[in-house]
Amino acid sequence: MSKKQTETPILADEVLGKSEAFVIKYRKPLVSTVVAIILCVVAYLAYSTYVVAPKEAAADKAIFKAEQYFVNGDYETALNGDGINAGFMEIIENHGGTNAANIAYAYAGICKAQQENYDEAIALLKKFDGSDRVIAPMVAYALGNSYAHKGDYKKAISILLNAADKADNIAVSPKCLLDAAAMYEKTGKANKAVELYERIKKEYPQSPEAVNVDKLINSAK
């Protein structure tokens, strides 16, 4: 008779008995673990509801006026406030950890770039943390151009090309490609510039940047 035939079958009630014994033996640790998990979830939900949500709401309210000044081109007031309403720098300082403070880094960096304070612009723009396909590439666009104004064309081009790839949309990518192409021309790499102009023509023919792209190609050649 084979080994397989001589093995004693394990009965279902024996398995259940062992499972019950396990539960009885470890009941208190299991219950403690479950209770601990429940308490963690409850604490997180309470924190989100009573701490995070009000904090985010206050920050969103605070940034509203600064955004209006920004849209109107009043970059100094947008940065530092009007004496009553906070500017982006105060929002960063007083509302750290909120979405509004994060976007304030982007706004503040662009304001500094508009004021030609490129070192400060770069420092602020680099603190923005985002990965969406519109805002993040636009921040990268501002960052790349800030490096260009400092004469670091190699870094600027790298940032702009990366932003164009990540965005992959008509609103951002052609702008990045056009500026990177201009920088290639400025540094004597006309062939690289032509490649980018051709890419605008092929991938984003409906963009405003594509309107004069044939002239730019002929000029670069």
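Turning our eyes to something else, we now look at the overall build of the protein chain. Secondary structure assignment for the protein chain yields 12 helices and zero strands. Moving toward the C terminus, one meets the helices and strands of the protein chain in the order α-α-α-α-α-α-α-α-α-α-α-α. In the protein chain, 45% of the contacts between residues at least 6 apart in sequence involve partners at least 24 apart. As presented, the protein chain carries roughly 14100 Å² of accessible surface, and 56% of it is formed by carbon and sulfur atoms.

Over the atoms, a rolled probe matching the size of one water molecule traces out where space is still vacant. One number sums up the size of the largest pocket: a volume of about 280 Å³. Residue assignment for the lining of the largest pocket shows that the elements contributing at least two residues are helix H8 (135-149) and helix H9 (153-167). Per element, the largest residue contribution to the lining of the largest pocket is five residues, and it comes from H8.

Its 14 residues place the ends of helix H10 (residues 173-186) 20 Å apart at the C-alpha level, agreeing with the 20 Å of an ideal helix rising 1.5 Å per residue. For H10, the full list of buried residues reads Ser-173, Pro-174, Cys-176, Leu-177, Asp-179, Ala-180, Ala-181, Met-183 and Tyr-184. Those residues of H10 that are buried are in contact with H8, H9 and helix H11 (190-203). Note on H10: the residue one or two positions beyond its end, Gly-188, has a positive phi of about 80 degrees.

Scanning all chains against the criterion turns up six salt bridges. With a shortest N-O distance of 2.9 Å, Lys-112 and Glu-120 are connected by a salt bridge. Given a relative accessible area of 14%, Lys-112 falls into the buried group. Since its relative accessible area comes to 41%, Glu-120 is described here as partly exposed. With its nearest N and O atoms 2.6 Å apart, the salt bridge here joins Asp-165 to Arg-199. Here Arg-199 lies in helix H11 and Asp-165 lies in helix H9, a separation of 34 residues in the sequence. The class of Asp-165 is partly exposed, set by a relative accessible area of 46%.

Our next topic: the packing of aromatic side chains. Per the stated rule, a full pass over the model turns up four aromatic pairs. Ring geometry for Phe-70 against Tyr-75: centres 5.7 Å apart, planes inclined by 75 degrees, an arrangement best described as edge-to-face. Assessed through its relative accessible area of 17%, Phe-70 is described here as buried. Between Phe-70 and Tyr-107, the ring centres sit 4.8 Å apart and the planes meet at 65 degrees, which makes this aromatic pair edge-to-face. Separated by 37 residues along the polypeptide, Phe-70 in helix H3 (residues 27-71) and Tyr-107 in helix H6 (residues 99-114) bring together distant segments of the chain. Three or more aromatic residues joined by ring pairs form one cluster here, namely Phe-70, Tyr-75, Phe-88 and Tyr-107. Above the ring of Tyr-69, the side-chain terminus of Lys-65 is found at 5.6 Å from the ring centroid.

Cut-off values and rules
Residues numbered from 1 in each chain as written. Predicted model: local features only at pLDDT ≥ 70, side-chain atom pairs only at ≥ 80, totals over all residues. Heavy atoms only, no water. Helix = DSSP H or I, 4+ residues; strand = E, 2+ residues; numbered from the N terminus. Contact = heavy atoms within 4.5 Å. Areas by Shrake-Rupley, 256 points an atom, 1.4 Å probe, with all protein chains shown as cover. 1 Å grid on protein atoms, 1.4 Å probe; cavity = no way out; pocket = protein on both sides within 12 Å on 5 of 7 lines; lining within 4 Å. Points joined across faces, edges and corners; volume = space filled by probe spheres on them. Expected span 1.5 Å × (residues − 1). Buried < 20%, exposed > 50% of the residue type's maximum accessible area, 1.4 Å probe, protein only. Salt bridge = Lys/Arg side-chain N within 4 Å of Asp/Glu carboxyl O. Phe/Tyr/Trp six-rings, centres within 6.5 Å; stacked < 30°, edge-to-face > 60°. Lys NZ or Arg CZ within 6 Å of the ring centre and 35° of its normal.

All we've got here are geometric facts, nothing functional implied.
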